[in-house]
Amino acid sequence: MSRRRLMLGGGAAAAGALVAAWALSADDSPCVDFDRSNWYGGAKVQAKTERRKRPLPTRTEQVSALQAGHVYDVLIVGGGATGAGCALDATTRVHSLCQTVPRYGVQFVSPLGHRSSPAIIPSTSDVACDCRFGLLILMTIMGKVFRGHRAFLLLVGDRSHASLLSFRNRVSDGERSRRGGRLMEKGCGVTERKWATGTLGQWSTSGNFYFTPVFCLRTALVEADDFASGTSSRSTKLIHGGVRYLQKAIMQLDYDQYKMVKEALHERANMLEVAPHLTRPLPILLPVYKWWQIPYYWFGIKMYDLVAGDRNVKNSYYLSKKNTLELFPMLKSDNLCGGIVYYDGQQDDARMNLAIALTAARHGATIANHVSVIKLYKTGGKLSGARLKDELTGKEWDIKTRSVINATGPFTDKIRKMDDSTVNNICCPSSGVHIVLPGYYSPEHMGLLDPATSDGRVIFFLPWLKGTIAGTTDMPCEVTHSPKPTEDEIQFILQEVKNYLNPDVEVRRGDVLSAWSGIRPLVSDPNKPDTQSLARNHIVHVSQSGLVTIAGGKWTTYRAMAAEAIDAAIESANLKPLFRECQTDGFLIEGAHGWTPTMYIRLVQDFGLEMEVAQHLAKSYGDRAFAVAKMASMTGKRWPIIGKKVHPEFPYIDAEIRYGVREYACTAVDMIARRLRLAFLNVQAAAEALPAIVDIMAEELKWNDAEKKRQIKLASDFLANEMGQMVNRASRDKIPINLTKDEIQTYIKRFQIIDKDRKGFVSINDIRRSLKSMGVKPSEDEIRAILSEIDVTYHGQMEIQDYLQVDLKRGIHRVLLFVLIIVTCRFGSPCLDMSVCPQNYGEDVTGEQLHEILREIDTNMNGQVELDEYLQMMSAIKSGHVAYSRFARMAEMEEEHHEKELLKKKITVERSGGGL
């Protein structure tokens, strides 16, 4: 028995000596390779399987952290996709191994100063029963035997598990505080905040054995506007490798193009995996109208599948003409030979960008929107800090940092010139316009690719959030914070769409629900002698002072771009993260951990939400949808029980606005454009929902009446200028009047019936008289308040000039809507808008209802409706520039009513026999 004990003891001693020798001979680098640290053979713990429960700090707390005087390892400028990706990458260089499962770290230092790499060993919270911890204890005992020194260990983990231990027993909390100094906080070990972002150095127990804490990079992300406020929210919404790039790679034997496609296809698969709630595979039809093109396109698409390899979404396939029209019935059938269907991905780009930023925040990054960089500081020729400004409060302060990453997209050169005013511009901005059409323009689950437009570009025609998105153009432009779509670009897209749809689908200018322009930052590579030619892919450039610029590329490759930028920052600033390799490949982002395709059913059953609303919440928020649903208010109906919609045509509910404030929405534009996608889907619906949205935000952010009015004004300007509302109105001014003589006489007659005084325009008095005759009784104060808002020229008249060219599919201006409703009801026809139809003719109309009707009338703000403008509207309806007009219908029915009244006067009761 004693011999057996001796043999076991000797074996253990030998094993301990070997392990200690290995530790002492480890690489000096403070960065540990993953496989090297996993020497014990334990299972790899993937960060993508873990859901961070750390609550999101408020924006005030985030800004306070920026002002606290910390020295940041990385300051990222720009809150777009790449900037958010950089923040997540930096914070996960250690968190991918140090989450949930606590870990021990120890470093040995020889008398000659040789330091081993810190050993990271996963363990359970009960260290006494962990055999791996016992092995490390044996290693420290051997160290004491051979060196004569004690060693201490750190249990690396969250606040509840972090503790300092000797090889004999646990150290009490009080002793831990005395021994650990500033490393340990009394009573709670290492705080999660410090552990997540700090770099606190080493702490020695006896002079020879050092214990080294492992930390991720202290990271800050600032964005001058809102997250995804620029190009990242104005994309085609596709996650793709680039079919046309592969075509060039094959035709020109260009290996660089091939690598770009290969990388993008890998990232496409990764995005579909890490954010399944925000992404989906989308089949895209490539129609073929010439027989010889079938094998040509089929081979190209099959090569696309081949390059994707095992990361392919789904295999492409050929369709006959019959099957093509069955799947895409809107397609033009003349000369159609068939179609080829391939798969790419689709996303909600703004919410994806936000989810990446929120994931970084949950892992310890300090992120703040509406905070700009106005100056960079240098020490010894190297960047050492920056001056920041809170755009909401105007406050300025300085921040210290070891490296700065410029991820500002189109504004790349602005930050580069802060670093060095002599550098040449490398950004060549290009405008890409997209439009949104009604959902009936395309099937719900299939898109269309036009591979050869009239000018050689590619046009996509895709279903998106119940609408149809079409684009994009590619025109040189100036860099601006407020890019605007132009009428020429909108007409180009409509014309290209018209070429592929059958005659039954009339492509009308009036069907454009919204339009926006995104600035694509094409760049020349400053690393190459020839800086005039544009780079095909993204570029990473490090200036002499250490400014890391990441520019170019596309949405799909944001993660790879971020990884290269962080690698460059680590090398340039000599940073010391635990892991040099990027850890975000396969890293699930906010909302993805508990999401399932049928999760919406639980939302319906558990909360009483409408099914459409539940599906929307599940797809937009993932497993965070339950937190959103808990904020929903009661509807007061039998069903749905909760979830008041902010607009009847869309599934957005009041709870999303309250939750959006917690997602750092600070302005009404942040909410309608990027937390909700209402502005991108229907600009008129966004304008209608704006007052209710601002009211809820005011409750959350404590806005007063003046601030509410300011927010509505800013949001209205945003909708008018950046979302296509103004260009839609301007386009109607160019419509020629193409009516026949008889049509003109008919419309003049109808207009004069409304304009009883023959003034040549319809004024607010005509509205008052019409409403009064129908039994609708608005107060004088309500009428004056309405008129004061719409009559900016203050001459007491209201034109319908722009209404006469109005676009129903954009929301149709509601001139004299109540007059029309009452006339319609009187004639026994169904009401056009039952939600505002008075049930009784004598029922009062609220000022809010009148305001909603009349605030949309005077689009050119000169206060009156004239005859020529009415004729122009009727011509627009005839030509298809305008889809429908309630005013036109009202005039027609008013004429019928007038004719009947005249007939009654001509035929008396006596002559008619009393109507028998």
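Residue positions are counted from 1 within each chain, in the order its sequence is given. Local features in this predicted model are restricted to residues of pLDDT 70 or higher, and side-chain atom pairs are both shown and tallied only at a pLDDT of 80 or more, whereas totals for entire chains, interfaces and linings draw on every residue. With hydrogens and water set aside, each side-chain value is computed from the structure's full complement of heavy atoms.

Looking up the chain in an unreviewed UniProt entry gives the name glycerol-3-phosphate dehydrogenase, with the organism given as Eumeta variegata. Per its UniProt entry, the chain bears the Cofactor (unreviewed entry) comment "FAD". Per UniProt, the comment on the chain under Sequence similarities (unreviewed entry) is "Belongs to the FAD-dependent glycerol-3-phosphate dehydrogenase family." UniProt positions are given in the numbering used here, feature names are shortened, and annotations may be inferred rather than shown by experiment.

The buried count for strand E19 (residues 427-437) comes to 10 of 11 residues, which makes it a mostly enclosed element. Whether two strands pair comes down to DSSP finding at least two bridges between them. Only DSSP runs of H or I covering at least 4 residues are called helices, and only runs of E covering at least 2 are called strands; the numbering of each starts at the N terminus. Pairing analysis gives 10 bridges linking E19 to strand E24 (residues 514-523), with the strands arranged antiparallel. The partner of valine 433 across the bridge, within E24, is serine 517. When E19 meets strand E22 (residues 467-471), the two strands line up antiparallel, connected through four bridges. Of the residues in E22, the one forming a bridge with isoleucine 435 is alanine 470. For every residue, the accessible area (1.4 Å probe, protein chains only) is compared with the maximum for its type, and the residue is labelled buried under 20%, exposed over 50%, or partly exposed between those bounds.

A few words now on the sheet that holds strand E18 (residues 404-406). Taken in spatial order, the six strands make up an open sheet running E14-E9-E2-E18-E26-E25, and their pairing is mixed. Either end of the sheet is taken by a strand with one partner, and the two such strands are strand E14 (366-369) and strand E25 (539-542). Taken pair by pair, the neighbouring strands of this sheet meet at an average axis angle of 15 degrees, ignoring direction. Direction of pairing for E25 relative to strand E26 (residues 547-551): antiparallel, over a ladder of four bridges. For valine 542, the partnering residue across the bridge sits in E26 and is valine 548. The contact definition used throughout considers only heavy atoms, calling two residues in contact when any of these lie within 4.5 Å. To define axes, lines are fitted to C-alpha atoms, for helices over the stretch in contact only, and angles between the resulting N-to-C directions are given on a 0 to 180 degree scale. Of the strands in this sheet, strand E2 (74-77), E18, E25 and E26 touch helix H13 (residues 412-419), which is tilted by about 165 degrees from E26.

Attention now moves to the pattern of salt bridges. Just to be clear on terms, a salt bridge is a Lys or Arg side-chain nitrogen sitting within 4 Å of an Asp or Glu carboxyl oxygen. Evaluated as defined, the whole model comprises 33 salt bridges. Measuring nitrogen to oxygen at the nearest pair gives 3.0 Å for the salt bridge that ties aspartate 567 to arginine 93. Residue aspartate 567 is found in helix H15 (residues 558-573), and its partner arginine 93 is found in helix H4 (residues 81-95); the two are separated by 474 residues along the sequence. Among the residues examined, arginine 93 registers a relative accessible area of 0% and is labelled buried. A salt bridge links arginine 234 to glutamate 722; the nearest nitrogen and oxygen atoms lie 2.7 Å apart. In this pair, arginine 234 sits in the loop between strand E9 (219-223) and strand E10 (238-239) while glutamate 722 sits in helix H23 (residues 705-722), placing the two residues 488 residues apart along the sequence. Glutamate 722 shares its class with arginine 234; the two are buried.

Before going further, it helps to spend a moment on the nonpolar core. By nonpolar core is meant a set of buried Ala, Val, Leu, Ile, Met, Phe, Trp, Tyr and Cys residues that side-chain atoms within 4.5 Å join together. Membership of the largest hydrophobic core comes to 60 residues, with the highest contact counts inside it found for Ile693 and Leu719. Considering each element in turn, this core owes the most residues, 11 residues, to helix H22 (residues 683-701). Bear in mind that the domain bounds are from an automatic or database domain assignment. Viewed by domain, this core spans two of them, domain 2 (278-348 + 429-524) and domain 3 (598-731), each represented by three or more residues. Every residue in contact with isoleucine 693, bar those within four places of it in the chain, is listed here: Val646, Ile657, Met671, Ile672 and Leu676. Ile76, Ile367, Trp555 and Leu588 belong to the second-largest nonpolar core, a separate cluster that totals 45 residues.

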